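Summary of structural features
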Amino acid sequence: MKKKFFAFLMAVVMVFSLVACGGGGDDATTDDTGDTTEDTGDTGDSATTTTFKVGTIGPLTGENAIYGTAVANGAKIAVDEINAAGGDIQFELQSEDDVADGETSVNAYNNLMDWGMQLLVGPTTTGASVAVSSKCYEERTFMLTPSASSTDVTAGKDNVFQVCFTDPNQGTSSADYMAENMADAKIYVLYQNDDAYSQGIRDAFVTEAEAKGLNIVGEGTFTKDTATDFSVQLTAAQAAGADTMFLPMYYQPASVILNQANAMGYAPTFFGVDGMDGILTMEGFDASLAEGVMLLTPFSATLEENASFVQAYEDQFGETPNQFAADAYDAVYILKEALEAAGCTADMTTADICEALVPVMTTITHDGLTGKGMTWSADGAVSKDPTAFVIQDGVYVLPQ
Amino acid sequence: MKKLTIKRTTRTDFITYLGVIVAFLIMMFLRDQGVLNRSLTGQLVPICCYISMAISLNLTVGILGELSLGHAGFMSVGAFSGIITAMSLQSTIPYTPLRLAVAMVVGAIFAAIAGIIVGVPVLRLRGDYLAIVTLAFGEIIKDLINCLLVGYDSNGLHMALNLTGSKSITDLNLQPDGIAIIKGAQGATGTTTIASFTAGFVLVMITLVIVLNLVRSRTGRAVMAIRDNRIAAESVGINVTKYKLIAFVTSAALAGAAGALYGLNFSSLQATKFNFNTSILVLVFVVLGGLGNIWGSVIAATVLTILPEALRGFDDYRMLIYAIVLILVMLATNNSQAKALLGRIIPKRKGAETNG
């Protein structure tokens, strides 16, 4: 009897922990993705053989849900626009959840392939993308990731392309920007050393910073499990006299850092990269703390030329789009342009489309929300200019 | 006539073997016919790994009666040592199945060593210390592998521990022909995926044979005697620590082999994959399948791995439904009426239930 009770107790505990894990993201994203599914269903009804099946993969639940949801939403807006405008190329979209986990992401990919996916926009996060990209390479599925920024995603795979900058590119650009505009800064680098994205940018940043003679006064690290308290690192940064903190990380830990720095009255210039994007729309975060934060991102919702996309996004999903949504939006249009250039038709198999698109990708030039004149090299990396923005009054503006 | 009757436990064991073999053949057949959808095909190897994990954890939790909360730690050790082995032997052993086998054996050995390190001091103690220490072990392994930099070139293996966080893969000074195998937090990326469903099946069969034979042997009876009454076991001269260690290290080694197979099934693997949640996931398989019930673990691991994917139609609610299913299954299997019903259908089971 004792054993049974024990078993029952364990089960209850585990079930609750699972609910807690899975439920965290549910609240935030239910509304948005609810819409997505319904509308995707509509597109599905009118779908004939002339439509290309496009899949997106990203964390729709869990702690990185903002990214995955943004990608799914951004792609949806692009698909709706393209379908509404008519034309030879029509898309049908399905978005799958991968909780930013490699194994689940491969499962999501297989699920989409069962559905008949011909083109993949995703996955959203780096670790998951590396796992999926090698599947895509083996099986000749054309993959265009909106936001997975590691070079490992594209390395050695001719049919995998990126819309976002690579990690080294972001790190190098950040260092270059600092060398140019804030050469005297005393920089403290704080990064997450169990995260591929954070570590990748940090490595490139430090290498470039040394080459440019920037003054890095210290480095601090944290892990996923210690991302709730940064007082030690902040004190160290303050003691080292740092006046600039480089934060190559996602917005969630960054929000804690901003909070704690504010609480201890320490106000250096915070400098983030594209993972910082999303901090203003984070639930439960006082956006005024992000005032003066600088970040390197290719997209700003306040720029004139992006207004129609921002408006469409706000109308449909009730929030300002971030860079991930813009990347996904661009990704769909890039696919359209590449498909047109390659002369693909929707009745072609996934592998045939892939073979047709690979040589075309290096020849096209795309003007999108996240950059003008984007071009791709054969190794899959995009070439476009990052722009530094500073957060003022809750919006991104160009620094003076 | 009496000679022909087989013991009930032996019969159960053979039915378990048979079930796994039949399931394997059916899946192979379906896959070759192209009937099986890709979603399920892609999960075959992870399912085999999780089955193996669940069986091996059942040996610790169900048979030995000690709670282990860091089984994913052993899987992690096995996975990364297996990846290193497989990647560095690429040119030495071009024959993939052999390389996979070697990688899994190495994974098992390293996990066994980790098991001995954890087990020797802790299994001497009474109480729930193993749960606490294995919990810590899982976290330590995760952090250690996050610091680990491993590369391979013509000069052999290069390793470095990035404890200060300031080193990167370039500090290994690899030759131009070298490959980076584990890049700290980025984990193992660019792994050549050599795992196959057949290997998964062989792993499950080996795990079953080892665990079932261990349980039915003299050693297994000693282990269960310790679980049921430690003092009585000691009084008849059973070396408690020795038998506990045998069970625990076997369990760790099997988890290591499963980890190696798992690691070689994905081209990218981070240490954070093997976190506390993964340990608990495996423990859920064991508890739901029934403590000490080997075929129960096999079924629970299979069903609960497929379930979240099968529930994709529910979108964001799938993990919620997954949890509800868990609760319902738990209630159903603990329901005395359901058991009485089962007892009426299979009268012999009634005796078995009261043992538990």
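The structure displayed is predicted, hence computed values, not measured ones. (Residues numbered from 1 in each chain as written. Chains lettered and ligands numbered in written order. Predicted model: local features only at pLDDT ≥ 70, side-chain atom pairs only at ≥ 80, totals over all residues. Heavy atoms only, no water.)

**Section: the domain arrangement of chain A**
All names here are of chain A. Its domain assignment divides chain A into domain 1 (2-165 + 308-383) and domain 2 (168-297). With both sides pooled, the region where domain 1 packs onto domain 2 buries about 1400 Å², and carbon together with sulfur makes up 53% of that total. Looking at the side of domain 1 facing domain 2, the largest losses of area belong to Glu63, Tyr67 and Phe165, adding up to 35% of the total buried there. For the pair domain 1 and domain 2, the number of links is zero salt bridges. (Domains from an automatic or database assignment. Buried area = accessible area lost by both parts, 1.4 Å probe. Salt bridge = Lys/Arg side-chain N within 4 Å of Asp/Glu carboxyl O.)

**Here we look at the pairing of strand 1 (residues 148-153) of chain B**
Residue and element names in this part refer to chain B. Judged by how many residues are buried, strand 1 sits mostly within the fold: five of six residues are covered. Examined bridge by bridge, strand 1 and strand 2 (residues 156-161) share six bridges and lie antiparallel to one another. When the bridges of strand 2 are listed, Leu148 appears paired with Leu161. Taken together, strand 1 and the strand that follows it, strand 2, pair antiparallel across an intervening segment of two residues. Where strand 1 and strand 3 (residues 179-183) come together, four bridges link them in antiparallel fashion. Within strand 3, the residue paired with Gly151 across the bridge is Ala180. (Buried < 20%, exposed > 50% of the residue type's maximum accessible area, 1.4 Å probe, protein only. Helix = DSSP H or I, 4+ residues; strand = E, 2+ residues; numbered from the N terminus. Pairing = 2+ DSSP bridges.)

**Focus on the confidence of the model for chain B**
For chain B, the mean per-residue pLDDT works out to 89, and 95% of the residues sit at or above 70. Here the prediction assigns the complex a pTM of 0.83, and the interface score ipTM is 0.86. (pLDDT = per-residue confidence, 0-100.)

**Topic: the packing of aromatic side chains**
Residues and elements named next belong to chain A. Considering all chains together, one arrives at 26 aromatic pairs over all chains under this definition. Each ring, one from Tyr67 and one from Phe324, has its centre 4.3 Å from the other, and the planes form 40°; the classification is tilted. Here Phe324 lies in helix 11 (residues 323-342) and Tyr67 lies in helix 2 (residues 65-85), a separation of 257 residues in the sequence. Judged by relative accessible area, which is 0%, Tyr67 ranks as buried. Site record: aromatic cluster; members linked through ring pairs are Phe299, Phe309, Tyr313, Phe317, Tyr329 and Tyr333. (Phe/Tyr/Trp six-rings, centres within 6.5 Å; stacked < 30°, edge-to-face > 60°.)

**Some points on a nonpolar patch on the surface**
A cluster of nonpolar side chains, namely Phe314, Tyr317, Leu320, Ile324, Ile327, Leu328 and Leu331 of chain B, defines an oily patch on the protein surface of about 630 Å² accessible area. With respect to the helices and strands, Leu331 of chain B occurs in helix 12 (residues 318-333). (Patch = residues over 30% accessible without salt bridge, like charges linked within 9 Å, V, L, I, M, F, W, Y side chains within 5 Å. Areas by Shrake-Rupley, 256 points an atom, 1.4 Å probe, with all protein chains shown as cover.)

**Focus: a positive patch on the surface**
All names here are of chain B. A grouping of Lys7, Arg218, Arg221 and Lys242 is seen on the molecular surface, where their side chains present a positively charged patch. Within the secondary structure, Arg221 sits in helix 7 (residues 218-228). The class of Arg221 is exposed, set by a relative accessible area of 51%. (Lys, Arg positive; Asp, Glu negative; His and termini not counted. Charge placed at Lys NZ, Arg CZ, Asp CG, Glu CD.)

**Details of the packing of helix 10 (residues 276-289) of chain B against helix 11 (residues 294-310) of chain B**
Residues and elements named next belong to chain B. Where helix 10 meets helix 11, the closest approach of the two axes is 8 Å, and the angle between their N-to-C directions is 125°. Here helix 10 lies oblique to helix 11, going by the angle between them. Handedness of the crossing formed by helix 10 with helix 11: right-handed. Where helix 10 approaches helix 11, its residues Val284, Phe285, Val286, Leu288 and Gly289 are matched on the opposing element by Gly296, Ser297, Ala300, Ala301, Leu304 and Thr305. Residue composition of the contact of helix 10 with helix 11, grouped by class: seven nonpolar, four polar and no charged. (Axes fitted to C-alpha atoms, helices over the stretch in contact; angles between N-to-C directions. Parallel < 35°, antiparallel > 145°, perpendicular 65-115°, else oblique. Left-handed = near helix turned anticlockwise from the far one by under 90°. Contact = heavy atoms within 4.5 Å. Nonpolar A, V, L, I, M, F, W, Y, C, P; charged D, E, K, R; others polar.)

**Re the sheet that holds strand 4 (residues 142-145) of chain A**
All names here are of chain A. Taken together, the five strands give an open sheet; going across it, the order is 2-1-3-4-5, and neighbouring strands pair in parallel fashion. Whereas interior strands pair on both sides, the edge strands pair on one side only; in this sheet they are strand 2 (90-97) and strand 5 (160-162). Between one strand and the next, the sheet's axes are offset by a mean angle of 25°, whatever the strand orientation. On top of the sheet, helix 4 (residues 126-139) reaches strand 3 (119-121), strand 4 and strand 5; it is set at about 160° to strand 4, its chief contact.

**Examining the pattern of salt bridges**
All told, the structure shown has 22 salt bridges over all chains when counted by the stated rule. A salt bridge links Lys273 of chain B to Glu103 of chain A; the nearest nitrogen and oxygen atoms lie 3.2 Å apart. Of this pair, Lys273 of chain B sits in the loop between strand 5 (268-269) and helix 10 while Glu103 of chain A is found in helix 3 (residues 102-115), placing the two residues in two different chains. Glu103 of chain A shares its class with Lys273 of chain B; the two are buried. One salt bridge in this structure joins Lys142 of chain B and Glu139 of chain B, with 3.3 Å as the shortest N-O distance. Taken together, the positions of Lys142 of chain B and Glu139 of chain B, both in helix 5 (residues 129-147) and three residues apart, correspond to about one turn of that helix. Accessibility expressed as a relative area gives 4% for Lys142 of chain B, which makes it buried. Put simply, Glu96 of chain A together with Glu309 and Arg312 of chain B are held in one network by salt bridges that share partners.

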